[in-house]
Amino acid sequence: MRLEEIWWKRLTNPANFAEEIIYSALDGKNVFVLYEKEIAWKEELIQDIVENIEKDSPNMKTNFRIPESYAEPSEYIMTKYCSDEERNHYWPSAENTVAGFLAKSAKAALNKSNVILDISSPEPEKWIDFVEEYNSCFDEYDEHGTFVLFIKDTEQRVREYIRENGCQSEYMSYDESIHDFDTLMLCMTILSEQNCSIQQKQYIAETAAALAEDDVETAGRLAEYKGSLPVNTLNITKKIFREHGISCEDIETRVKKALWKAQVKVLFPIIEQFRSRFISENIDMLKNRPLNIYKTHSIFELEIGQLYHLCYSNHILTGRELKVLEKVRNARNSLAHLDIVPYSDVSYLMEI
């Protein structure tokens, strides 16, 4: 299955987001789809919206357009959804606006259209005003055209405009509906059939998500490398970044930060589980040992580094058992000092 199909069809939040747009449009409502960061696989989302609306509203013409950034809404809609002959009957005045004229025109194609637009205008408020004025010309159950506008709202200016003006149209925020967790779930879904432990899958997914930051498409492509990603992180990241037009400047630092973030999320719980289990399994050897130098009276409060020191200095463990404890201690110290753990040790810790 392609990444975009997993994203829009199999993951709950993206799928619900797409369905909500479709159901609202089919219910005769106008929808403003707002987004700050880019919508992942937006073309596939729009295609899915067009196909579903078209299938369930056969009496309406459904199409998708991208107006030029300088296009005036009234002029653009008049040109695209009204014939030359019908336009000759329009005489502009304060009482006779384009939106009102098209709403009353029996011959205007707009009243039988589902209009889906990707707006890049520096003044998207003009498009919102046009849609609201057109919509105000109809009673609740009148048949009329519907709009779905995709609007980039980097500074949340548009949503504030919608709230302040009491718009009747619905607005949906991609950034409020889709979260970092969804990116992680995409990566985990890609790795679902990988023959490895759940911790290893989580580590690869966390690494891909951290490397891509808020770029879902890049995270998905990184996760597709599966077990190769944590082994050859730098080279794979460079390759994918170049394919996606992302700068590779200071890439080594970015990779290190991403690996550290992934290791903290995956290894810290493993280290804590190991610490608790280690104390329980070795309680007989550990009890009655002097603990005052660790500023505690309970063995169960000892950190992994303190446990190593206690076992090493008192010759409680030797050989392999002490080496395991040392590896866990070293990993914990590395992460605590913002350093990364070698993947060979990461893999080892996930297996103990």
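Everything below is about the structure shown above.
Residues numbered from 1 in each chain as written. Predicted model: local features only at pLDDT ≥ 70, side-chain atom pairs only at ≥ 80, totals over all residues. Heavy atoms only, no water.

Section: the packing of aromatic side chains
And then number 1: For the structure on display, the rule yields 12 aromatic pairs.
And then number 2: Judged by centre distance (5.7 Å) and plane angle (75°), the ring pair of Phe 17 and Tyr 174 falls under edge-to-face. Here Phe 17 is found in helix α2 (residues 12–26), whereas its partner Tyr 174 is found in helix α9 (residues 174–177), with 157 residues between them in sequence.
And then number 3: Taking relative accessible area as the criterion, Tyr 174 reaches 1% and is therefore assigned buried.
And then number 4: Ring plane angle 70° and centroid distance 5.8 Å describe the contact between Tyr 76 and Trp 127, whose orientation is recorded as edge-to-face. Of this pair, Tyr 76 sits in helix α4 (residues 73–81) while Trp 127 is found in helix α7 (residues 124–136), placing the two residues 51 residues apart along the sequence. The pair formed by Tyr 76 and Trp 127 is uniform in burial state, with each residue classed as buried.
And then number 5: Clustering of aromatic rings is evident, with ring pairs tying together Trp 7, Trp 8, Phe 17, Trp 41 and Tyr 174.
And then number 6: The ring centre of Tyr 348 lies 5.6 Å from the NZ or CZ of Lys 327, which sits over that ring.
And then number 7: One residue, Arg 329, lies across the ring of Tyr 308, its end atom 4.2 Å from the ring centre. (Phe/Tyr/Trp six-rings, centres within 6.5 Å; stacked < 30°, edge-to-face > 60°. Helix = DSSP H or I, 4+ residues; strand = E, 2+ residues; numbered from the N terminus. Buried < 20%, exposed > 50% of the residue type's maximum accessible area, 1.4 Å probe, protein only. Lys NZ or Arg CZ within 6 Å of the ring centre and 35° of its normal.)

Brief notes about helix α19 (residues 343–351)
Residue pairs spaced three or four apart in an α-helix point in one direction, given the helix's 3.6 residues per turn.
And then number 1: Within α19, burial applies to Val 346, Ser 347, Leu 349 and Met 350. Down the axis, α19 shows its buried residues gathered within 165° of arc, on one side only. Turned more than 90 degrees off the buried face of α19, the exposed positions are Ser 344 and Glu 351.
And then number 2: On its buried face, α19 is in contact with α11 (198–212), α15 (251–281) and α18 (319–336). (Arc of directions from axis to C-beta. Contact = heavy atoms within 4.5 Å.)

As for the pairing of strand β3 (residues 113–119)
And then number 1: For β3, the buried fraction is high: 7 of the 7 residues fall into the buried class.
And then number 2: Where β3 lies against strand β4 (residues 146–152), 6 bridges are found, and the strand directions are parallel. Residue pairing in the sheet places Val 115 in a bridge with Phe 147 of β4. (Pairing = 2+ DSSP bridges.)

Remarks on the nonpolar core
And then number 1: Trp 7, Trp 8, Phe 150, Tyr 174 and Leu 267 are the most contacted members of the largest nonpolar core, which totals 82 residues.
And then number 2: Ranked by residue count, the leading element in this core is α15, at 12 residues.
And then number 3: If we ignore the near neighbours within four places in the chain, the residues touching Leu 267 are Leu 335, Val 341, Val 346, Leu 349 and Met 350.
And then number 4: Membership of the second largest hydrophobic core comes to 31 residues, among which are Val 98, Ala 103, Ile 151 and Cys 167. (Core = buried A, V, L, I, M, F, W, Y, C linked by side-chain atoms within 4.5 Å.)

Notes on unusual backbone geometry
And then number 1: Of note in the backbone geometry, Glu 213 takes a positive phi value of approximately 60° without being a glycine.
And then number 2: Topologically, Glu 213 is positioned in the loop between α11 and α12 (216–223).
And then number 3: At Asp 250, a residue that is not glycine, the phi angle is positive and equals roughly 55°.
And then number 4: By secondary structure assignment, the location of Asp 250 is in the loop between α14 (233–243) and α15.
And then number 5: By relative accessible area, which is 49% here, Asp 250 ends up partly exposed.

A word on the packing of α14 against α15
And then number 1: Close contact between α14 and α15 brings their axes to 10 Å; oriented N to C, the two are set at 115°. The way α14 lies across α15 gives a crossing that is right-handed. Residues Thr 233, Leu 234, Thr 237, Lys 238 and Phe 241 of α14 form the contact with α15, whose participating residues are Ile 251, Glu 252, Arg 254, Val 255 and Leu 259.
And then number 2: Per-class residue counts for the contact of α14 with α15 are 5 nonpolar, 2 polar and 3 charged. (Axes fitted to C-alpha atoms, helices over the stretch in contact; angles between N-to-C directions. Left-handed = near helix turned anticlockwise from the far one by under 90°. Nonpolar A, V, L, I, M, F, W, Y, C, P; charged D, E, K, R; others polar.)

Digging into the environment of Glu 72
And then number 1: Relative to the elements of secondary structure, Glu 72 occurs in the loop between β2 (61–65) and α4.
And then number 2: Using a relative accessible area of 38% as the deciding quantity, one classes Glu 72 as partly exposed.
And then number 3: Distance in space between the C-alpha atoms of Glu 72 and Ser 121 is 8.9 Å, their sequence separation being 49 residues.
And then number 4: Engagement of the side chain of Glu 72 in a polar contact is seen with the side chain of Lys 126, the distance being 3.3 Å. (Polar contact = N/O pair within 3.5 Å; in protein donor to acceptor, adjacent residues only side chain to side chain.)

Remarks on the packing of α18 against α19
And then number 1: Two elements in contact, α18 and α19, have axes separated by 11 Å at closest approach and are oriented at 115°. The handedness of the crossing between α18 and α19 comes out as left-handed. In this structure, α18 uses Arg 320, Val 324, Lys 327, Val 328 and Ala 331 to contact α19, whose residues at the interface are Asp 345, Tyr 348 and Leu 349.
And then number 2: Along the lines of polarity and charge, the residues of the contact of α18 with α19 split into 5 nonpolar, no polar and 3 charged.

Things to note about the state of the cysteines
And then number 1: Taken as a whole and judged by the stated rule, the model has 0 disulfides.
And then number 2: Between Cys 82, a free cysteine, and Cys 137, which holds the nearest cysteine sulfur, the sulfur-to-sulfur gap is 14 Å.
And then number 3: Note on Cys 82: relative accessible area 6%, which makes it buried.
And then number 4: Take Cys 167: it sits in no disulfide, and the sulfur closest to it among the cysteines is that of Cys 137, at 15 Å.
And then number 5: By relative accessible area, Cys 167 is classed as buried at 16%. (Disulfide = S-S within 2.5 Å.)

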